Amino acid sequence: MSKFITILEGLDRRWIFLAMAISVAGPILYIGITGKTLPETPTPTARAVYKEIEALSPGTPVLLSFDFDPASGGELTPMATSLVHQCAARGLRMVFIALWPLGPQLIDETIKRVILADYPNLKEGVDYVNLGFQSGNESVMKVMLTDFAKAFPITKNGVAVGDVVALKGIQRVDNFPLLITISAGYPGAKEWIQYVISSSGGKIKMVTGCTGVQTPGLYPYYPVQLNGLLGAIKGAAEYESLVNSSLAPKDSSAAVPAKYLEAQRRMGPQLGAHLLMIALIILGNIAFFAQRNSKVRATS
Amino acid sequence: MKPSKTWVIVVAVIVVLVGIRMTIGQGMARAYVERIDQSVEVKANDTHGASTEKWTEWHPVAPKKFEAAQKADPSQTKFAFSWANTIGLWLAAFFTLAIFSFLYRDNPGYRLAEAVIIGVSAAYWGVIGFWDTLVPKLFGALTPNLVHDQVLPSLPAPTNGQVVAMCFALALGLMLLMRLAPKGGWISLWPIAFIIGVTAGLKIVSHVESDLVAQSIATFKPLVQPIVSSESAQSGWMLWPTIWASFANILLVIGVLCCLTYFFFSVEHKGVAGRAARVGIMYLMITFGAAFGFTVMGRVALLAARIEFLFDDWLWLIDPAGKRIVEVASAIGSMLC
């Protein structure tokens, strides 16, 4: 036992890195080869996101703000895909904006991956529009509260917003009944709550998908100021399973496309990594208490 | 830095494994593109007549499509191997591995990747700042005709108020640059004071509304929260949901009060106050644990995304999206299933 404790105490941290790499890579290989994913049971926060979108009637405008960049893509891209998938299936008018400089490219990729691939009947400028990036962080949000066209005067493709059918009837941000933000930090979900939701007097509802780092800070806002929350990759996987099960044709056994299973695929590596973390915490505690006991014995 | 023997062995093993992988099955890490011919009708105006502008775009495509097209017609030109995208793919794999190599120890590959990230990010921010902020907002207001004719034909003409505001912003921006001048650095204090004042003004109101008032209201919860079945409203409370909802509300109220007591230093933390503060510490510890757990989950998701990229796009070991026809892994998959 004491030899084992000595080994633990002097363990090179690179062995832990190697164990983490194996615990993540192993499930990726297994899931990638077999196509099997872990089952998901949606929690109330993920169900709330689904319900808020489902409650809107077809043709209702929704504002989708892509406030992230590729650095957070591993967590947030699956959410973006599923959110746009549900909005497109519901027939909502999707108005995309970005408060992060790399957001417009991620919007284009999502449009290509979901709308152009699976909903080719939806027309750009009529059923959806990408308004691109605006610098200014919170000030853009404040301007949108009084004059939406002032904050976003032209689309990403350079068309004046006055000529865009998808923006018909939109003068201010509170003309959107629902705001969906996919958030990786500042500016993001917290700022939308502070500057738009608080000032709109309940006219606009908001749901968000955010990174794991942001999630604990956003829970206090749910469910009063925030109507739905997808926390990290777990929230993405729950919501993804909910959307997939609701959109799957009842009389078909066709497999769900891989792009709509991205978050569920990532839960396998999560399981491996978390099991390793738990094992390391237990081993660390065993080493700590054994060391403390031996010190006590030595002093007495 | 002289590389250690172990380091050389690790790199050599990786290179050998990648070399072996390249010779198995269809090989690995190749990118293909599809040629799409585009055209647009240009209407006649005062300076030129009607015309048709044509150009060719090359869009990334799955290797499966290229293989199928080649099989049907080996002389086809619609799909092609892309050197540029393939080099990009290899560079992405190299930089991913270079960043990961820091886990072993600092090395020239890691430092190269780090320098490239910093350089590219700085350049990207510079370009974004110029084209997305200076051109549409500053030049669009001060030289609207130039911007309208040369860059953004749809940009609305600025109002007088916008022009005045942009002159003010330009002046503040130039004053801010005085920080770099050998003399007159104090001039930059004025725009800094302006920025701090505006930011504080914006934030105070929103924080009070959303974080103080709204959060205080959200804390006023009934200690007994009756839950009635939506299906049979007349049948009374649902026992277990009512107990759980009430328990959650009680925990919330106790947590808020105890955490506030912990941060209340005007009273010595003894007796009732001491016990409440101790409970507050426990709540805080649980909160930190939950935050740590979420952070771990986030970081593992990012790691999984990069490893998935290496296995799927680079090594062609897995193929969740069905981008390729025959895979080394598919044979193993059929055995496992």
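For clarity, every value in this text was computed on a predicted model and none was experimentally measured.

Caption draft 1: Main features of the overall build of chain A. A count of helices and strands for chain A gives 11 helices and six strands. Counting only C-alpha atoms, chain A reaches 80 × 45 × 30 Å along its principal axes. Among the 300 residues that make up chain A, the fraction classed as buried is 47%. Expressed as a percentage of contacts within chain A between residues at least 6 apart in sequence, the contacts between residues at least 24 apart total 78%.

Caption draft 2: Structural context of the pairing of strand S6 (residues 228-231) of chain A. All names here are of chain A. Residues of S6 alternate between two faces, with Gly 228 and Leu 230 on one and Leu 229 and Gly 231 on the opposite face, all of them buried. Relative to S6, strand S5 (residues 205-210) runs parallel, the two sharing four bridges. Looking at S6, one finds that Gly 209 is bridged to Leu 230.

Caption draft 3: Here's a closer look at the packing of helix H4 (residues 73-90) of chain A against helix H10 (residues 232-247) of chain A. Residues and elements named next belong to chain A. Two elements in contact, H4 and H10, have axes separated by 9 Å at closest approach and are oriented at 25°. On the basis of their axis angle, the class for H4 and H10 is roughly parallel. When the axes of H4 and H10 are compared, the crossing they make is left-handed. In this structure, H4 uses Glu 75, Pro 78, Met 79, Ser 82, His 85, Gln 86 and Ala 89 to contact H10, whose residues at the interface are Ala 232, Ile 233, Ala 236, Tyr 239, Glu 240, Val 243 and Leu 247.

Caption draft 4: Quick peek at the sheet that holds strand S1 (residues 61-67) of chain A. Residues and elements named next belong to chain A. What the six strands build is an open sheet, ordered S3-S2-S1-S4-S5-S6; its pairing is parallel. Edge positions in the sheet fall to strand S3 (128-133) and S6, since each has one partner strand and no second. Pairwise comparison of adjacent strand axes, ignoring direction, gives a mean angle of 15° for this sheet. Bridging between S1 and strand S4 (residues 178-183) involves six bridges; their strand directions are parallel. Across the sheet, Val 62 pairs through a bridge with Leu 178, a residue of S4. Packing against the sheet, helix H5 (residues 103-118) makes contact with S1, strand S2 (93-98) and S3, and its axis sits at approximately 160° to S3.

Caption draft 5: Representation of the environment of Leu 276 of chain A within the structure. All names here are of chain A. With respect to the helices and strands, the residue Leu 276 is situated in helix H11 (residues 262-299). Overall, Leu 276 belongs to the partly exposed group, with 17 C-beta atoms counted inside 10 Å. Along the backbone, Leu 276 and Ala 254 are 22 residues apart, and their C-alpha atoms lie at a distance of 35 Å. Leu 276 has contacts with Ala 19, Met 20 and Ser 23, leaving out every residue within four places of it along the chain.

Caption draft 6: Main features of the nonpolar core. Ranked by internal contacts, the top residues of the largest apolar core, which has 93 residues, are Val 62, Val 95 and Phe 96 of chain A. A per-element tally of this core places helix H9 (residues 271-314) of chain B first, with nine residues. Contact partners of Val 62 of chain A, with chain neighbours within four places excluded, come to Leu 56, Cys 87, Leu 92, Arg 93, Met 94, Val 95, Phe 176, Leu 178 and Ile 180 of chain A. Residues Ala 31, Tyr 32, Phe 66 and Phe 79 of chain B belong to the second largest nonpolar core, which totals five residues.

The rules behind each value
Residues numbered from 1 in each chain as written. Chains lettered and ligands numbered in written order. Predicted model: local features only at pLDDT ≥ 70, side-chain atom pairs only at ≥ 80, totals over all residues. Helix = DSSP H or I, 4+ residues; strand = E, 2+ residues; numbered from the N terminus. Buried ≥ 20, exposed ≤ 12 C-beta atoms within 10 Å, placed from the backbone. Contact = placed C-beta atoms within 7 Å. Pairing = 2+ DSSP bridges. Axes fitted to C-alpha atoms, helices over the stretch in contact; angles between N-to-C directions. Parallel < 35°, antiparallel > 145°, perpendicular 65-115°, else oblique. Left-handed = near helix turned anticlockwise from the far one by under 90°. Core = buried A, V, L, I, M, F, W, Y, C linked by C-beta atoms within 7 Å.

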